[in-house]
Amino acid sequence: MSLETNPALRRSVIYELYVRSHTPQGTFRAVEPDLPRIRALGTDILWLMPIHPIGEANRKGSMGCPYANRDYRTVNPEYGTLEDFLHLVDAIHDNGMKCIIDVVYNHTSPDATLVALHPEYYYRKPDGSRGNKVGDWTDVVDLDYAVPGLWDYQIESLCYWAQYVDGFRCDVASTVPVAFWRKARQAVERVRPGAIWLGESVHLDHILAFRRQGLYAATDNELFDVFDILYPYDIWPLYEGATGGTMPLSRYFAALSYQELSFPTWYNKLSCLENHDQRRAADRFPNRDSLLAWTALSYFQKGTTLLYAGQEVSAVHTPSLFERESIDWTGEDLSPLLRKLYDIKKRLPTDAAFHVEADDEQGLAVADYRDGQHLAVGMFPLAGRPGTAVVPLADGNYENALTGESVTVREGRLAAAGPVMLAAWALGRMIGNAWGENELSGSLPWLCLSGIVVLILLRFFFTYWKNRLQESIGTERAAEQRMELGDVLKRVSLGYFAKNNLGDILAALTTELSTLELQSMKM
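Residues numbered from 1 in each chain as written. Predicted model: local features only at pLDDT ≥ 70, side-chain atom pairs only at ≥ 80, totals over all residues. Heavy atoms only, no water.

Draft legend 1. Spatial organisation of the overall build of the chain. Looking only at helices and strands, the chain features 17 helices and 18 strands. In the chain, once contacts between residues fewer than 6 apart in sequence are set aside, the share between residues at least 24 apart is 70%. Summed over its atoms, the accessible surface of the chain is roughly 22,200 Å², and 56% of this surface lies on carbon and sulfur atoms. (Helix = DSSP H or I, 4+ residues; strand = E, 2+ residues; numbered from the N terminus. Contact = heavy atoms within 4.5 Å. Areas by Shrake-Rupley, 256 points an atom, 1.4 Å probe, with all protein chains shown as cover.)

Draft legend 2. Local environment of the side chain of Arg-20. Mapping Arg-20 onto the fold places it in helix H1 (residues 19-22). Of the side chains with opposite charge, Glu-78 comes closest to the buried, unpaired Arg-20, at an N-O distance of 4.0 Å. Only 3.2 Å separates the side chain of Arg-20 from the backbone oxygen of Met-63, close enough to count as a polar contact. Within the structure, the side chain of Arg-20 is placed 3.1 Å from the backbone oxygen of Gly-64, a separation counted as a polar contact. Excluding residues that lie within four positions of it along the chain, Arg-20 makes contacts with Gly-26, Ile-54, Met-63, Gly-64, Glu-78, Tyr-79, Leu-321, Phe-322, Glu-323 and Arg-324. (Buried < 20%, exposed > 50% of the residue type's maximum accessible area, 1.4 Å probe, protein only. Lys, Arg positive; Asp, Glu negative; His and termini not counted. Salt bridge = Lys/Arg side-chain N within 4 Å of Asp/Glu carboxyl O. Polar contact = N/O pair within 3.5 Å; in protein donor to acceptor, adjacent residues only side chain to side chain.)

Draft legend 3. Expanded view of helix H4 (residues 82-94). Helix length check: H4, at 13 residues, gives a terminal C-alpha distance of 18 Å against a target of 18 Å (1.5 Å per residue), a fit within 8%. Every buried residue belonging to H4 is among Asp-84, Phe-85, Leu-88, Val-89, Ala-91 and Ile-92, and all of these are buried. Looking straight down H4, one finds its buried side chains confined to an arc of 160°; they lie on one side. For H4, the exposed residues lying more than 90 degrees away from the buried face are Glu-83 and Asp-94. Where the residues of H4 are buried, they touch helix H2 (28-31), helix H3 (35-40), strand S2 (45-48), strand S3 (98-103) and helix H6 (148-162). (Expected span 1.5 Å × (residues − 1). Arc of directions from axis to C-beta.)

Draft legend 4. A look at the pairing of strand S7 (residues 196-199). Here S7 shows two buried faces, one formed by Ile-196 and Leu-198 and the other by Trp-197 and Gly-199. Here 4 bridges tie strand S6 (residues 167-170) to S7, and the two strands are oriented parallel to one another. When the sheet's bridge partners are listed, Phe-168 is paired in S7 with Trp-197. Regarding topology, helix H7 (residues 178-191) serves as the crossover connection from S6 to the parallel S7, and that connection is right-handed. Relative to strand S8 (residues 229-230), S7 is paired through 2 bridges, and the arrangement is parallel. If you follow Gly-199 over to S8, its bridge partner there is Leu-230. (Pairing = 2+ DSSP bridges. Right-handed = clockwise from strand over helix to strand, strands pointing away.)

Draft legend 5. Representation of the pattern of salt bridges. Under the definition given, this model contains 24 salt bridges. Of the charged contacts, one joins Arg-169 and Asp-102 as a salt bridge, the two residues approaching to 2.9 Å between their closest N and O atoms. With a gap of 67 residues between them, Arg-169 in strand S6 and Asp-102 in strand S3 connect regions that are remote in the sequence. Of the two residues examined, Arg-169 and Asp-102, each falls in the buried class. A salt bridge links Asp-220 to Lys-269; its shortest N-O distance comes to 2.3 Å.

Draft legend 6. Here's a closer look at the side chain of Asn-268. Within the secondary structure, Asn-268 sits in the loop between helix H11 (249-262) and helix H12 (281-284). Among the polar contacts made by the side chain of Asn-268, one reaches the main-chain amide nitrogen of Thr-304 at a distance of 2.9 Å.

Draft legend 7. Structural context of the packing of helix H10 (residues 236-244) against H11. Running from N to C, H10 and H11 cross one another at 155°; their axes reach a closest spacing of 8 Å. In this view, H10 runs roughly antiparallel relative to H11, as classed from their interaxial angle. Handedness of the H10/H11 crossing: left-handed. Where H10 abuts H11, its residues Leu-238, Tyr-239 and Ala-242 lie against Leu-249, Arg-251, Tyr-252 and Ala-255. Broken down by class, the residue content of the contact of H10 with H11 amounts to 6 nonpolar, no polar and 1 charged. (Axes fitted to C-alpha atoms, helices over the stretch in contact; angles between N-to-C directions. Parallel < 35°, antiparallel > 145°, perpendicular 65-115°, else oblique. Left-handed = near helix turned anticlockwise from the far one by under 90°. Nonpolar A, V, L, I, M, F, W, Y, C, P; charged D, E, K, R; others polar.)

Draft legend 8. Representation of the sheet that holds strand S1 (residues 13-17) in the model. Taken in spatial order, the 7 strands of this open sheet run S8-S7-S6-S3-S2-S1-S9, and their pairing is parallel. Pairing within the sheet leaves two strands with one partner each, and these edge strands are S8 and strand S9 (305-308). Contacting S6 and S7, H7 crosses the sheet at an angle of about 155° to S7.

Draft legend 9. Highlighting the sheet that holds strand S15 (residues 406-410). Strand order in the open sheet formed by 4 strands is S13-S16-S15-S14, and the pairing between neighbours is antiparallel. The open sheet has two edge strands, strand S13 (387-390) and strand S14 (396-399), and neither has a second partner. The average undirected angle you get between the axes of adjacent strands in this sheet is 30°.

Draft legend 10. Looking closely at the nonpolar core. Among the nonpolar cores identified, the biggest contains 128 residues, and Leu-48, Phe-168 and Trp-181 are the most heavily contacted of them. In contact with Phe-168, other than residues within four places in its own chain, are Ile-100, Ile-101, Val-103, Leu-158, Trp-161, Ala-162, Val-188, Ile-196, Trp-197 and Leu-198. By size, the runner-up hydrophobic cluster in this structure holds 15 residues, among which are Val-391, Leu-393, Val-407 and Leu-414. (Core = buried A, V, L, I, M, F, W, Y, C linked by side-chain atoms within 4.5 Å.)

Draft legend 11. Just unusual backbone geometry, in detail. The residue Asn-58 is not glycine, and still its phi comes out positive at about 55°. Here Asn-58 is to be found in the loop between S2 and H4.

Draft legend 12. Focus on the environment of Tyr-398. Note on placement: Tyr-398 falls in strand S14. A sequence separation of 10 residues divides Tyr-398 from Thr-408, and the C-alpha atoms of the two residues are 6.2 Å apart. At 2.8 Å, the side chain of Tyr-398 forms a polar contact with the backbone oxygen of Ala-394.

Draft legend 13. Summary view of the pairing of S9. In S9, alternate side chains face the same way, and those of Thr-305 and Leu-307 on one face and Leu-306 and Tyr-308 on the other are all buried. Pairing analysis gives 4 bridges linking S1 to S9, with the strands arranged parallel. From the neighbouring strand, Glu-16 faces S9, where its bridge partner is Tyr-308.

Draft legend 14. Focus on the environment of Gln-362. With respect to the element layout, Gln-362 can be found in the loop between strand S10 (353-359) and strand S11 (364-370). When the C-alpha positions of Gln-362 and Arg-385 are compared, they lie 8.1 Å apart, and in sequence the two are 23 residues distant. Once you skip the residues sitting within four places of it in the chain, Gln-362 turns out to touch Ala-383, Arg-385, Gly-387 and Thr-388. Among the polar contacts made by the side chain of Gln-362, one reaches the main-chain carbonyl oxygen of Thr-388 at a distance of 2.7 Å.

This is the structure in structure tokens:
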């Protein structure tokens with residue numbers, strides 16, 4: 001991410017919405033009644049796929065692709081008027097979400113406004129005709145950023161929309177010069193401070209193919225100089241291979257973990273299982289338990305989480321970009337799960353180092369965040385069956401933040417049938433409920449106050465038992481027992497910092513002292 005990026009974006013959720021397919025009406029106004037539900041899922045940012053008019057020339061399908069943009073400065077009349085759009089943006093804001101729109105700056109439709117106004121802005125093939133650099137994109141023609149006037153026009157367009165929206169999702173960002181994006185960001189910042197920049201960084205094969213032809217294509221590292229969030233397409237083929245059974249999980253997760261060292265410290269990779277160009281998660285993971293585990297991991301891992309509309313109801317079919325196909329909203333509703341995951345995500349220490357490892361034989365992954373002060377651990381049975389894994393936590397009982405159930409780490413291993421999310425904090429203090437449901441028990445003042453109470457009680461018990469032992473077994477033997485009593489108190493004191501639960505401490509103290517008393521009576 002750029003140095004200006006808000007770190008909280010790593011703990012945020014984006015909801016992607018295609019106006020044409022979201023409702024039967026396919027309009028801006030028809031989206032508005034659904035906004036409270038979308039927000040309740042745990043959505044911070046609503047991404048509207050391209051809102052602009054669609055070209056007629058070389059149109060794909062009967063309605064055309066929204067990424068074949070005809071005019072950067074107007075809205076698609078099929079969706080409504082500019083007034084309708086601005087009303088929707090206001091409603092998004094009123095529901096506590098930010099709004100970003102898709103901008104397609106690599107290309108336009110062949111009959112775009114710019115073709116007539118500024119034909120010099122377009123890329124030319126060797127024969128002098130307009131065209132594109134990707135063969136199967138037959139409904140678009142590429143722009144030529146070697147022309148300075150194009151920069152001014154595009155930046156003016158961005159600044160116009162920045163009056164109303166909170167940022168941009170930039171299509172095929174890798175093939176538009178980073179220098180342009182940098183200049184554009186600087187200009188937009190003056191209109192919309194803190195605007196969000198999500199870049200569609202492309203597959204590595206795409207970058208390599210362009211460079212072999214002498215064409216421009218930026219790597220993710222170059223794009224991170226400008227963008228807040230980038231796509232995960234650099235390792236998407238590994239994700240597809242690992243989830244499709246053609247390569248081990250460990251290969252994918254090794255690449256995911258390597259990003260922690262290969263990208264800038266402030267990097268933010270979009271964490272998603274699907275989007276409008278990719279296969280639906282519910283189709284990729286027909287095993288329900290597997291789908292739930294992968295979904296949990298997509299929230300736990302470092303980076304902004306993306307939901308594509310319909311994912312929350314386990315939709316299997318991806319709506320066509322070229323026809324009117326409404327989302328099937330009749331699938332299993334995962335909304336309660338997604339809300340829990342959202343609440344957990346908000347409390348993750350996402351500035352800490354992230355790492356994930358896979359057990360290929362069991363089909364599970366263990367992920368963690370560590371920075372010397374925080375430790376958060378997640379275990380995900382991705383194959384949809386129970387498993388056991390080594391976790392970086394001390395033995396003991398913990399509360400699974402996702403289910404509220406108690407789980408046990410024994411001999412450094414954790415067994416689970418479903419996703420588990422745990423946390424421990426500094427000073428050796430293990431917290432079963434580390435996600436903020438009980439703010440009092442996790443606060444420093446409470447820790448200090450309850451610690452003083454425990455120390456007073458320990459002093460009282462020590463004095464009481466010292467006198468009782470001396471009366472019952474004599475001074476010499478009592479000295480030996482006091483040493484054992486000291487060990488008891490030490491264990492109980494450490495137990496306090498491990499559990500931070502006064503009731504558990506008193507119970508443990510009573511048990512230990514009762515055992516010691518029985519031993520004394522036998523002497």
